[in-house]
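Inside the fold
Each chain, written out:
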Amino acid sequence: MTPFTPLATARLTLRPLVAADAAALHRLINDWEVCRNLAGVPFPYPRALADEWIAASATDLADGRAYHLAITGNEEGREILVGGVGLRLDVARRVGRLGYWVGRRFWGHGVASEAAARLAQWSLAHLDLDRLEAVVATDNAASLAVLRRIGFRETGREVQNFLARGGAQPVVLHEAQREDIFGHPEATRDAAAPAGAKPLLLVAACALVDSDGRVLLARRPEGKTMAGLWEFPGGKLAPGETPEAALIRELKEELGIDVSAACLAPFAFASHAYERVHLLMPLYLCRRWRGFVTPREGQALAWVRPEKLTEYRMPPADLPLVPMLRDFL
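Bear in mind the structure is a predicted one, so any value in this text is a computation, not a measurement. (Residues numbered from 1 in each chain as written. Predicted model: local features only at pLDDT ≥ 70, side-chain atom pairs only at ≥ 80, totals over all residues. Heavy atoms only, no water.)

Moving on: the overall build of the protein chain. Of regular secondary structure, the protein chain possesses 8 helices and 15 strands. Principal-axis analysis of the C-alpha atoms places the extent of the protein chain at approximately 70 × 45 × 40 Å. Within the span of the protein chain, comprising 329 residues, buried residues form 48% of the whole. Within the structure as shown, the protein chain displays about 16200 Å² of accessible surface, and the carbon and sulfur contribution to it stands at 54%. Considering the protein chain, the positive charge centre built from 39 side chains and the negative charge centre built from 39 side chains are found 1 Å apart. (Helix = DSSP H or I, 4+ residues; strand = E, 2+ residues; numbered from the N terminus. Buried < 20%, exposed > 50% of the residue type's maximum accessible area, 1.4 Å probe, protein only. Areas by Shrake-Rupley, 256 points an atom, 1.4 Å probe, with all protein chains shown as cover. Lys, Arg positive; Asp, Glu negative; His and termini not counted. Charge placed at Lys NZ, Arg CZ, Asp CG, Glu CD.)

By the secondary structure assignment, Glu33 is in helix α2 (residues 32–35). Exposure remark for Glu33: the relative accessible area of 28% places this residue in the partly exposed category. For Glu33 and Phe43, which are 10 residues apart along the polypeptide, the C-alpha to C-alpha distance reads 9.8 Å. Setting aside residues up to four positions removed in sequence, Glu33 forms contacts with Arg104 and Trp107. (Contact = heavy atoms within 4.5 Å.)

Quick look at helix α7 (residues 243–255) now. Taking 1.5 Å of rise per residue, the 13 residues of α7 would be expected to cover 18 Å, and the 17 Å separating its terminal C-alpha atoms lies within 8% of that figure. Along α7, the positions that sit buried rather than exposed are Ala246, Leu247, Glu250, Leu251, Glu254 and Leu255. Seen from one end, α7 has its buried residues packed into an arc of 125 degrees, which puts them on one side. Each element contacted by the buried residues of α7 is listed here: β9 (200–208), β10 (215–219), β12 (234–236), β14 (278–286) and β15 (301–304). (Expected span 1.5 Å × (residues − 1). Arc of directions from axis to C-beta.)

Here we come to the layout of surface pockets. Counted as a void, the second largest pocket has a volume near 390 Å³. If you trace the second largest pocket, you find 24 residues lining it, with Val203, Arg220, Glu231, Gly235 and Lys236 closest to the centre. For the lining of the second largest pocket, the secondary-structure elements that each account for two or more residues are β9, β12 and β14. (1 Å grid on protein atoms, 1.4 Å probe; cavity = no way out; pocket = protein on both sides within 12 Å on 5 of 7 lines; lining within 4 Å. Points joined across faces, edges and corners; volume = space filled by probe spheres on them.)

Disulfides are covalent bonds that link the sulfur atoms of two cysteine residues. Using the criterion set out here, one finds 0 disulfides in the structure. In this structure Cys263 is a free cysteine whose sulfur lies 5.7 Å from that of Cys286, the closest cysteine sulfur available. Cys263 sits in the partly exposed class, given a relative accessible area of 26%. (Disulfide = S-S within 2.5 Å.)

As a further point, take empty space enclosed by the protein. Counting across every chain of the model gives 2 cavities of 30 Å³ or more. Of the pockets and cavities examined, the largest cavity occupies roughly 60 Å³. For the lining of the largest cavity, a count of residues per class yields 2 nonpolar, 1 polar and 6 charged. Of the voids in this model, the second largest cavity is the one considered here, and its volume is about 30 Å³. In terms of lining residues, the second largest cavity is bounded by Pro16, Leu17, Ser57, Ala58, Leu61, Tyr67, His68 and Leu69. Breaking the lining of the second largest cavity down by element, the ones donating at least two residues are α3 (47–63) and β3 (66–75). (Nonpolar A, V, L, I, M, F, W, Y, C, P; charged D, E, K, R; others polar.)

What follows is about the sheet that holds strand β11 (residues 230–231). Strands sit in the order β11-β10-β15 across an open sheet of 3 strands; the sheet is antiparallel. Because the sheet does not close on itself, it has two edges, and the strands there are β11 and β15. Bridge count between β10 and β15: 4 bridges; the pairing is antiparallel. The residue bridging Leu217 from the neighbouring strand is Ala302, located in β15. (Pairing = 2+ DSSP bridges.)

So, on to the pairing of strand β5 (residues 95–102). Among the 8 residues of β5, 6 are classified as buried, and the element is accordingly described as predominantly covered. Of the strand pairs in this sheet, strand β4 (residues 78–90) and β5 are connected by 8 bridges, and their pairing is antiparallel. Opposite Gly83, over in β5, you have Val102 as the bridge partner. Hairpin remark: β4 followed by β5, antiparallel, with 4 residues in the connecting loop; positive phi at Arg94, about 60 degrees. Pairing geometry for β5 and strand β6 (residues 131–137), over 3 bridges, is parallel. If you follow Val95 over to β6, its bridge partner there is Arg131. Chirality of the crossover, the property in question, places the unit of β5, helix α4 (residues 111–126) and β6 among those that are right-handed. (Right-handed = clockwise from strand over helix to strand, strands pointing away.)

Written as structure tokens, this is what we have:
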């Protein structure tokens, strides 16, 4: 696995736990008001358990099973432990289970929302996940508010055992998908459109094909709708812009390459109704360009054999284009 790079927010850093955190972790978490809201945590919380948890977290991180991170802040120029945030992966279901806790001294400052939102955004943009889940005790009003604030939706209720409370407690189940965390595709509404009609979103895309017959896919980075999904490079048309002009501009901005209109061959188009917009996307083929393909917006890139395209999670609008492209190439 690639070493985990700490995640930063405006005030916080989310980083892997280390052995030196054990004493501070124990001081913060060995508190009834904290433990009572964490299903798998006993009270009192033994000091040795902090060492065991940190060691287990390092193993899980190295194996790619879970990301249990320290939430740290800065106080008088030194790093201090504030709490913890984590994501346990269910690879078979393509789901991540989000959890978090904050030391009582730091309650009421928006720490949990800031940390949980950051990990949720990072995980959907960088891990092979379709959605996130979270479980909160029904009497934990602060945590319920955190999940609503960062985009989670209630999906049901059940009971779950809480070690510190010594038995089963009612809990609220939550879920978030990419649209909940990153928002929905948007388009400018046409004033002349019929009432109730969805705005039309015009997007141009390009299948760059190299000399080995591989197709370039780009992974949507954090901050964009549908972050984490793979797509054909391209982007929205500016007002009055042709699809060819939009692609020439977008490929230069996103990938640092120069393409002429003569090298863009219309291939197919996608027409897809999203929840808030209807997307119309012509797909062009391009085999010739000037320059070296470079990810200029922090996006991951992959040159993919046509028969392997279905192994990459893509936006719904792109999916019908894959078999046509595969058969053609």
